[in-house]
Amino acid sequence: MSEPTLLNNEIRDWLMDCGLFDQLLPADFATASGYFSISTVAEGEEIFHEGDAGSFMCIIHTGQVAVQKTNSDGQRVTMATLRSGRAFGEMAVLDGERRSASCVAASNCQLLNLGKDSLEKMLNDAPKIAAKIIRALAVSLSKRLRMADGQLLSQQV
């Protein structure tokens, strides 16, 4: 295995700090870091658009991201504002469907990115680590779905 680069060490540290992957061991973070990349997005910049093919997911390291959907009048409505440690875009990466919402940088952001191709490569190269990452993403999605279910129920009462 090659020596870790400064960038890989930074990615490893960001992955350890995000709180999503508590089940990973220190060595797992080092391995996983080779499959992620870092991007910087300026406030107001669209990260991806509702309906686009989903080729990557992100984890917010710094900044805020607005999740927006287009309503029946063609207006964008902000559904949520995500902060540091939150993942977004993972649904399209995991299920292969188109983006269910647009995501726009609500402030200057630093993001960790995991491409669909990189996830596939990790599944081949390091399947146990990839499985832990996919499981953590599934748990995160499950929590969000349960929260949305609770919100829908409270609106019906």
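Remember, predicted model here, so these are calculated numbers, not experimental data.

Trainee: Go over the nonpolar core with me, naming the residues and quoting the values.
Mentor: Counting 25 residues, the largest nonpolar core has L15, F21, F36, I59, M122 and I133 as the members making the most contacts within it. For this core, the elements supplying multiple residues, two or more each, are α1 (6-18), α2 (26-33), β3 (56-62), β8 (109-115), α4 (116-125) and α5 (127-156). In terms of residues, this core owes the most to one element, α5, which gives five residues. Aside from chain neighbours lying at most four places away, what touches I133 is F21, L24, A32, F36 and M122.

Trainee: Describe the sheet that holds β8, listing the residues and the values that go with them.
Mentor: Taken in spatial order, the four strands make up an open sheet running β1-β8-β3-β6, and their pairing is antiparallel. Pairing within the sheet leaves two strands with one partner each, and these edge strands are β1 (37-41) and β6 (87-88). Strand direction decides the pairing type here: β3 and β8, joined by six bridges, are antiparallel. The residue of β8 that forms the bridge with T62 is Q110. Across the sheet, α4 is in contact with β3 and β8; its angle to β8 comes to roughly 55°.

Trainee: I'd like a rundown of the pattern of salt bridges, residues and numbers included.
Mentor: A complete count under the given rule lists six salt bridges for this structure. With a shortest N-O distance of 3.5 Å, K69 and E50 are connected by a salt bridge. Residue K69 is located in strand β4 (residues 65-70), and its partner E50 is located in the loop between β2 (46-48) and β3; the two are separated by 19 residues in the primary sequence. Given the relative accessible area of 32%, K69 is considered partly exposed. With a shortest N-O distance of 2.8 Å, D125 and K121 are connected by a salt bridge. Of this pair, D125 and K121 both sit in helix α4, four residues apart, which is roughly one turn of that helix. Overall, K121 belongs to the partly exposed group, its relative accessible area being 47%.

Quick notes on the rules
Residues numbered from 1 in each chain as written. Predicted model: local features only at pLDDT ≥ 70, side-chain atom pairs only at ≥ 80, totals over all residues. Heavy atoms only, no water. Core = buried A, V, L, I, M, F, W, Y, C linked by side-chain atoms within 4.5 Å. Buried < 20%, exposed > 50% of the residue type's maximum accessible area, 1.4 Å probe, protein only. Helix = DSSP H or I, 4+ residues; strand = E, 2+ residues; numbered from the N terminus. Contact = heavy atoms within 4.5 Å. Pairing = 2+ DSSP bridges. Axes fitted to C-alpha atoms, helices over the stretch in contact; angles between N-to-C directions. Salt bridge = Lys/Arg side-chain N within 4 Å of Asp/Glu carboxyl O.

Limitation: the analysis is restricted to geometry and does not speak to function.
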